[in-house]
Amino acid sequence: MGAQLRVYKRRIRSVTATKKITKAMEMIAASRVVKAQRKVAASTPYATELTRAVTAVGTGSNTKHPLTTETENPTRAAVLLLTSDRGLAGAFNSNAIKAAEQLTERLEREGKQVDTYIVGRRGVAHYNFRERKIAESWTGFTDEPSYADAKTVAAPLIEAIEKDAADGGVDELHIVFTEFVSMMTQTALDARLLPLRLEEVAEEKPQGELLPLYDFEPSAEDVLDALLPRYVESRIYNALLQSAASKHAATRRAMKSATDNAGELINTLSRLANAARQAEITQEISEIVGGASALADATAGSDR
Amino acid sequence: MAAELHVELVAADRQVWSGEATLVVARTTSGDIGVMPGHQPLLGVLESGPVTIRTSDGGTVVAAAHGGFISFADNKLSLLAEIAELSDEIDVQRAERALERAKEEADASAERRADVRLRAATSR
C-alpha cells in the first residue's frame, strides 16, 4: 500500500472513532434533555402556586417588606450567573457569560457595585482566568440540579439581600440564566428577582381574575417573611432546571453538527483515498507495461 | 352530595396529590387548621406536620409536609411544601432509623422531620 493511501486510511479510522464518540454524546444529551424538560414541568405546579400566593399577599395587603420595596438609591447589586460544569455545548456558556457581563456593565453604569455569584465550573473558570472577584460559587450539580442545590445557592443570596448595603448586603438581586425555549432555541437572559416587581408577578396570571381578600395566618408580615425566601428559591430552582435543559439541548446540537461534520470529512477522505488508490494502480500498470515493453525490446534486440 | 373543594398538594419538584376533598386539616404556625368548602380565603404558613385530607369518596389521605404554605381561595386549596410525602410512600423503617440517628446527633430539625414522617405513616 502506498504511503499516501496509508495516511488517508489512518485519518479515516481516526475520524470514524471520533464520530462514534460524538454520536454517543448526542444521544446521551438527547435523552437528558427529555429528562430535564420533565423536571422543569414537574416543578411548574409549585412555582405557579407560589407565584399566586406571593401575588395574593403583595396585592391583597398593604404590607411593606424589605424584599418588595425598592431602595431609593440602590448602591449594591448581586448577580447570580448560571453556567454549566462541562463544555462541549457550543456557545451555551459564552452566551450566558456575555449576558452577565452586559448586565454587570449596565448596573455599574447605574452606579451600583456588583457582587458576582456563579454556578458552574465554566463560569468560575472564566472569571478566575480574568482575575475577577467572585463572591461565591458552586459547582458539581449543573447537570441534574435538585431542590436542595437551589436552597444552598439561594441561602447566601437571601442573607445578603436582608442585610443593609452598608453592612455588605445588597439592594438588588439579579439572575442570569439560559431560558429553554425549545429544542432548537435557548436564550441567555437576565431577570431581577428582588426587589419584587409585583405588577410583573401579577401579569403572569390570567387577566380578569379578581384576587380574593385573604385571611392571613398568622399575619401578612409573617406570611410574606416566610414566602419570599421560598419564592427566591423556587425561581432559582426553576432557572437551574432550565439552564440544565438548555445545556443538554446545546450539547445535543453541538454534537449533532460534530457528527455531521465527521461524516462529511469521512466522505471527502474516502474520495481522496480512492483517488490515491486509483493513481497507485494506474502507476503500477504503467510500470508493468513499461517494464514489459522494455523487456520485450531487450529480448527483441538480443534475438537479432 | 356534600360540597367539595379541590386540593393540590405540591412539593418543590413534583405534584404529590390532587383531587376533591371535603375537609383538609393542616398545621400552621399558630395551630391546627381545618378547611372545609366555602372557607374564607386563607393564606397560612405551615409547620412541619401531618396533613390530613378527607377525600370526597370517604377515604383519607395523610401526608407529611415539611414546611410550606396553605392557600385557599375560590374553593381551591393548595398546599405547598418543599418536601411532601404521602403516608404510603413513607418507608417506616427508614424513618425510624432516621429518627434514632437524629436523636443520637441531637439534630432537632431532622428529628422533627422523622417524627412527622412516622406519625403520618402510622395514622394511615
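Residues numbered from 1 in each chain as written. Chains lettered and ligands numbered in written order. Predicted model: local features only at pLDDT ≥ 70, side-chain atom pairs only at ≥ 80, totals over all residues.

1. Things to note about the overall build of chain B
- Looking only at helices and strands, chain B has two helices and nine strands in total.
- Along its sequence from the N terminus, chain B presents helices and strands in the succession β-β-β-β-β-β-β-β-β-α-α.
- Relative to the globule expectation of 14 Å for 124 residues, the C-alpha radius of gyration of chain B, 14 Å, shows essentially globular dimensions.
- With the principal axes as the frame, chain B shows a C-alpha extent of 50 × 25 × 25 Å.
- Looking at chain B as a whole, 40% of its 124 residues qualify as buried.
- Excluding contacts between residues fewer than 6 apart, the proportion of contacts in chain B whose partners are at least 24 apart in sequence is 53%. (Helix = DSSP H or I, 4+ residues; strand = E, 2+ residues; numbered from the N terminus. Rg over C-alpha atoms; globule rule 2.2 N^0.38 Å. Buried ≥ 20, exposed ≤ 12 C-beta atoms within 10 Å, placed from the backbone. Contact = placed C-beta atoms within 7 Å.)

2. Digging into the overall build of chain A
- Across its full length, chain A holds six helices and six strands.
- In chain A, the succession of α and β elements from N to C terminus is α-β-α-β-α-β-α-β-β-α-β-α.
- Against the compact-globule benchmark of 19 Å for 304 residues, chain A has a radius of gyration of 31 Å, which places it well outside the compact range.
- Considered along the principal axes of its C-alpha atoms, chain A spans approximately 125 × 40 × 30 Å.
- Taken across its 304 residues, chain A has 37% of its residues classed as buried.
- Contacts in chain A between residues at least 24 apart in sequence constitute 78% of all its contacts with a sequence separation of at least 6.

3. Thoughts on the sheet that holds strand 4 (residues 172–180) of chain A
Residues and elements named next belong to chain A.
- Pairing is mixed in the open sheet, where five strands are placed in the order 3-2-1-4-5. Each edge of the open sheet is held by one strand with a lone partner, namely strand 3 (136–138) and strand 5 (186–194). Direction aside, the axes of adjacent strands within the sheet are offset by 20 degrees on average. (Pairing = 2+ DSSP bridges. Axes fitted to C-alpha atoms, helices over the stretch in contact; angles between N-to-C directions.)

4. Observations concerning the pairing of strand 4 of chain A
All names here are of chain A.
- For strand 4, the tally of buried residues reaches eight of nine residues, placing the bulk of the element in the interior.
- Of the pairings in the sheet, the one linking strand 1 (residues 76–82) to strand 4 comprises five bridges and is parallel in character. In the sheet register, Leu 80 faces strand 4, and the bridge partner there is Ile 175.
- One ladder, built from eight bridges, connects strand 4 with strand 5; its direction is antiparallel. Residue pairing across strands places Ile 175 opposite Ala 191, the latter belonging to strand 5.

5. As for helix 3 (residues 121–129) of chain A
Residue and element names in this part refer to chain A.
- Buried within helix 3 we find Arg 122, Gly 123, His 126 and Tyr 127. For helix 3, the angular spread of buried residues about the axis comes to 125 degrees, placing them on one side. For helix 3, the exposed residues lying more than 90 degrees away from the buried face are Asn 128 and Phe 129.
- Tucked into the core, helix 3 has its buried residues touching strand 1, helix 2 (92–109) and strand 2 (113–119).
- Looking one or two residues past helix 3, Glu 131 carries a phi angle of roughly 55 degrees, positive in sign. (Arc of directions from axis to C-beta.)

6. Points about the interface of chain A and chain B
- With 25 residues of chain A in contact, the opposing surface of chain B contributes 24 residues.
- Those elements giving two or more residues to the side of chain A that touches chain B turn out to be helix 1 (3–60), strand 6 (215–217) and helix 6 (220–303) of chain A.
- In terms of residues, the side of chain A that touches chain B owes the most to one element, helix 1 of chain A, which gives eleven residues.
- Among the residues forming the side of chain A that touches chain B, the class breakdown is 17 nonpolar, two polar and six charged.
- Bridging between strand 6 of chain A and strand 4 (residues 42–46) of chain B involves three bridges; their strand directions are parallel. Following the sheet pairing, Asp 215 of chain A is matched in strand 4 of chain B by Leu 42 of chain B. (Nonpolar A, V, L, I, M, F, W, Y, C, P; charged D, E, K, R; others polar.)

7. Here's the deal with the domain arrangement of chain B
All names here are of chain B.
- Assigned domains of chain B: these are domain 1 (5–87) and domain 2 (90–122).
- Taking only C-alpha atoms into account, the centre of domain 1 sits 21 Å from that of domain 2.
- Elements represented by at least two residues in the side of domain 1 that touches domain 2 include exactly strand 5 (49–55) and strand 6 (60–66).
- Broken down by element, the residue count for the side of domain 1 that touches domain 2 peaks at four residues, all from strand 6.
- Its residues assigned to classes, the side of domain 1 that touches domain 2 shows four nonpolar, four polar and one charged. (Domains from an automatic or database assignment.)

8. Section: unusual backbone geometry
- One non-glycine residue, Leu 88 of chain A, adopts positive backbone phi at about 55 degrees.
- By the element assignment, Leu 88 of chain A lies in the loop between strand 1 and helix 2.
- In this model, Asp 74 of chain B sits at a positive phi of 50 degrees, which is unusual for a non-glycine residue.
- Locating Asp 74 of chain B in the fold gives a position in the loop between strand 7 (68–73) and strand 8 (76–81).

9. Re the packing of helix 1 (residues 92–105) of chain B against helix 2 (residues 108–122) of chain B
All names here are of chain B.
- The contact between helix 1 and helix 2 brings their axes to 8 Å, and the two run at 150 degrees. The pairing of helix 1 with helix 2 is recorded here as roughly antiparallel in orientation. Helix-helix and strand crossings are classified by hand; for helix 1 and helix 2 the assignment is left-handed. For the pair helix 1 and helix 2, the contacting residues are Val 92, Ala 95, Glu 96, Ala 98, Leu 99, Ala 102 and Lys 103 in the first and Ala 110, Glu 111, Ala 114, Asp 115, Arg 117, Leu 118 and Ala 121 in the second. (Parallel < 35°, antiparallel > 145°, perpendicular 65-115°, else oblique. Left-handed = near helix turned anticlockwise from the far one by under 90°.)

10. Points about the pairing of strand 6 of chain B
Residues and elements named next belong to chain B.
- The element strand 6 is extensively covered by neighbouring structure, given that five of its seven residues are classed as buried.
- Looking at chain direction, strand 5 and strand 6 are connected through six bridges and run antiparallel. When the bridges of strand 6 are listed, Ile 53 appears paired with Val 61.
- Where strand 5 folds back onto strand 6 in an antiparallel hairpin, the turn is made up of four residues, including Gly 58, whose phi is positive at roughly 90 degrees.
- Relative to strand 9 (residues 83–86), strand 6 is paired through four bridges, and the arrangement is antiparallel. When the sheet's bridge partners are listed, Ala 63 is paired in strand 9 with Leu 86.

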